[in-house]
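For reference, the chains in residue letters:
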Amino acid sequence: MGEKARSKVLILGLITLFVSIISLGVGRYFISPLGIVKVLLQGISGKSFGMDKNAVAVVFNIRLPRIAASLLLGAGLAISGQTFQMIFRNPLVSPDVLGTSTAASFGASLALLLGLTSVMVSINAFFFGVLALVLIYTIASRTRREQTLSLILVGMIVSSLFSSATSFVKLIADPNNVLPAITYFLMGSLSGIGVTDLGLIAFPVLVSIAVLLVLSWKINLLSLSEDEARSIGVNTRLIRAIAIVCATVITASSVAVAGNIGWVGLIIPHISRMLVSNDARYSFPSSVFFGASFLTLVDCISRAAATVEIPIGILTSFVGAPFFLYLLLREVRYDS
Amino acid sequence: MTLEIKDLFFSYKEHSVLKGLNLSISDGEMLSLLGKNGAGKTTLLRLIPAFLRCQEGTIEIDGVPVRDMKLKDRARFMAYIPQITRSAFPYSVRTSILMGASNRLSMFQSPGRQEERKVEEIIDLLNLQPIADRNMDNISGGERQLVLIARALMQDARLLILDEPTSFLDYSNQLMVLERIGDLVKNGYSCIYSTHNPDLALGHSSRVVVMSDGVISFDGKPESLIGSDILSQVYGRTIDIVKTERGGIVCIPQ
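Here is what the cut-offs are and how they apply
Residue numbers here run from 1 along each chain, matching the order of that chain's written sequence. In the order they appear in the text, chains get letters beginning with A and ligands get numbers beginning with 1. Local features in this predicted model are restricted to residues whose pLDDT is 70 or higher, and side-chain atom pairs enter the listing and the counts only when it is 80 or higher, whereas totals over whole chains, interfaces and linings include all residues. The numbering of helices and of strands both runs from the N terminus, where a helix is a DSSP run of H or I of at least 4 residues and a strand a run of E of at least 2. The atom set for the radius of gyration is the C-alpha atoms, and the globule formula is 2.2 Å times the number of residues raised to the power 0.38. With C-beta atoms placed from the backbone, a residue counts as buried when 20 or more other C-beta atoms lie within 10 Å of its own, as exposed when 12 or fewer do, and as partly exposed for counts between those limits. A pair of residues counts as a contact when their C-beta atoms, built from backbone coordinates, are within 7 Å of each other. In short, DSSP must find at least two bridges between two strands for them to pair. Working rule for helices: expected span equals 1.5 Å times residues minus one. Note on geometry: axes are lines fitted to C-alpha atoms, helical ones only across the stretch in contact, with angles between N-to-C directions running from 0 to 180 degrees.

Peer 1: Let's hear about the overall build of chain A: which residues, and what values?
Peer 2: Within chain A one finds 14 helices and zero strands. Reading chain A from its N terminus to its C terminus gives the helix and strand order α-α-α-α-α-α-α-α-α-α-α-α-α-α. Since a compact globule built from 336 residues should have a radius of gyration of about 20 Å, the 20 Å found for chain A is in line with a globular shape. For chain A, the C-alpha atoms occupy an extent of roughly 65 × 55 × 40 Å along the three principal directions. A buried classification covers 50% of the 336 residues belonging to chain A. A separation threshold of at least 6 residues defines the contact pool for chain A, and within that pool the share at least 24 residues apart is 72%.

See the structure below:
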């Protein structure tokens, strides 16, 4: 099992690399995959590989930060979704289960309402995302119910509060310029991502992904019943807390720079479990690669499909929902 | 290894469940727990690994209070095996057994070759080879119980605590699970399990403990129950306990 799963993860890694190279070439200024390799070599080494300077500029200044962001956020959202699914022992849970995205969305909307800079919009969104988690944890720890159930319930309450607050911000926002900016931001898009945004989120997202990957074996144990995990001798509270913090940091970072990108965190874990294994030691890395490839591919479509760029949040739903339906129907047929 | 329970009191709010219970279990003993619904069997079994905190009394392993032990140390002495286990993400049999090694790993460590080798040894010991590559949702209830027992062995736990291990199993699986546990007990493990089936308890244990009204009303070898009216008193109807020609002990309700 282990060897087979490891090979599958390796293949997914190669697919991610392939998708990244193709995506770097797609756009108004088309560059062939071989050309992309040359552009990358030229840009990194400084030697000439016969590629136009404009091509190097387009790839390095415009496409690379954006594709790096799509790889990072795709990977992050997928592993974050899978972590939440395992913590809450429910395959239908997505990264916004605790209301972190809703809170981060409020943070971004508030910053846009106040006319803050785009960096401040991101920082504010991240701050509110993490603040929501602190609130949820503090309140949930005061209840007497089972921890996972309290987290879900308090998460719903906090999420609902922030959702109303966002609606209120929209209500009082100037309908001519601020309201459209908020609406567009919340739709989810990678179009505005530059090196600064990437710099803001790269460290927290990469560290969180790394921690979750290293913790993957212990996260397996979170999907057992509380009694079983305790009987095995594992302190689930600590593992759960670390995992939730990492998954939340990823979700909040994603909203901070790209708004709401749905479905990735829900469907990618399903696919990787289906194709690779339920064991997080293998399904986590495969989710990382699958999520990265998926979001990069969808972003490619959002850039190339129409003259006006389609917000990626809309496209992930368009691609994700039918695919999820297909999986659901396939499963029913398999069972019967 | 000896588990010693002294003067155990436990209540859920106003409802008193255990009222000064005393019990001890040593290596090589297979102890079955009988009693009506609500007699406190599950409460007792959950108190032993300190999943619940008793209001009064002590539970000690070789003189060390269980509640003072670290979680991972406790896991090396005992394993609690619940009635039903259903994971939202069913793992393979091998992975499920491997999970038992987690108490020996540090926070960020995954099991390695050594642990995987031990899994194979345990699979051989419990004859689980035919199902080793299957997923937990693709095996029978009895096999699932065996996998959980295998996981307990992976923990190095010497005392197996099973809450109604046979309740959802067909008759042959009930016997199979208890026989395998019996084999382990012969090799020095100890086990305490609760059951609603007195016949199974009489046929598959070295000691029968009958609980009623929060205390132990009988604690002895199955043979000592022959001809006694303990079960009749506990279950509120006449039950004859007789020895068969082949030497087995059975209950016959009148």
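There's more to say after this.
Peer 1: Can you explain the pairing of strand S12 (residues 249-253) of chain B? Please cite residues and give values.
Peer 2: Sheet faces and side chains relate simply in a regular strand, where the side chains alternate between the two faces. Note: strand S11 (residues 239-243) of chain B against S12(B), five bridges, orientation antiparallel. Residue pairing across strands places B:Asp240 opposite B:Ile252, the latter belonging to S12(B).

Peer 1: Can you lay out helix H6 (residues 147-172) of chain A for me, pointing to particular residues and giving the numbers?
Peer 2: Helix length check: H6(A), at 26 residues, gives a terminal C-alpha distance of 37 Å against a target of 38 Å (1.5 Å per residue), a fit within 8%. The complete set of buried residues in H6(A) reads A:Leu151, A:Val154, A:Gly155, A:Val158, A:Ser159, A:Phe162, A:Thr166 and A:Val169.

Peer 1: A description of the sheet that holds strand S2 (residues 15-26) of chain B should follow, citing residues and the corresponding values.
Peer 2: All names here are of chain B. Pairing within the open sheet is antiparallel, and its four strands lie in the order S2-S1-S4-S5. If you trace the sheet from one side to the other, it starts and ends with S2 and strand S5 (64-65), each paired once. Direction of pairing for strand S4 (residues 56-61) relative to S5: antiparallel, over a ladder of two bridges. Bridging across to S5, Ile61 finds its partner in Val64.

Peer 1: Kindly report on helix H4 (residues 113-125) of chain B, identifying the contributing residues and their values.
Peer 2: Here H4(B) contains 13 residues, and its C-alpha end-to-end distance of 18 Å stays within 8% of the 18 Å for a straight helix at 1.5 Å per residue. Positive phi appears at B:Asn127, one or two residues downstream of H4(B), with a value of about 55°.

Peer 1: How would you sum up the environment of A:Ile79? Please name residues and give values.
Peer 2: All names here are of chain A. In this fold, Ile79 is placed in helix H3 (residues 53-87). A tally of 35 C-beta atoms within 10 Å means that Ile79 is categorised as buried. For the pair Ile79 and Ile157, spaced 78 residues apart in the sequence, the C-alpha separation amounts to 24 Å. Once you skip the residues sitting within four places of it in the chain, Ile79 turns out to touch Ile209, Leu212, Phe284, Ser287, Val288 and Gly291.

Peer 1: I'd like to hear about the sheet that holds strand S3 (residues 30-34) of chain B, residue by residue, with values.
Peer 2: All names here are of chain B. Strand order in the open sheet made by the six strands is S6-S7-S8-S3-S9-S10, with mixed pairing throughout. Bordering the open sheet on either side are strand S6 (78-81) and strand S10 (215-220), each of which pairs with just one other strand. Between one strand axis and the next, the sheet turns through 15° on average, direction left out of account. Lying on the sheet, helix H5 (residues 141-154) is in contact with S6 and strand S7 (159-162); it crosses S6 at an angle near 160°.

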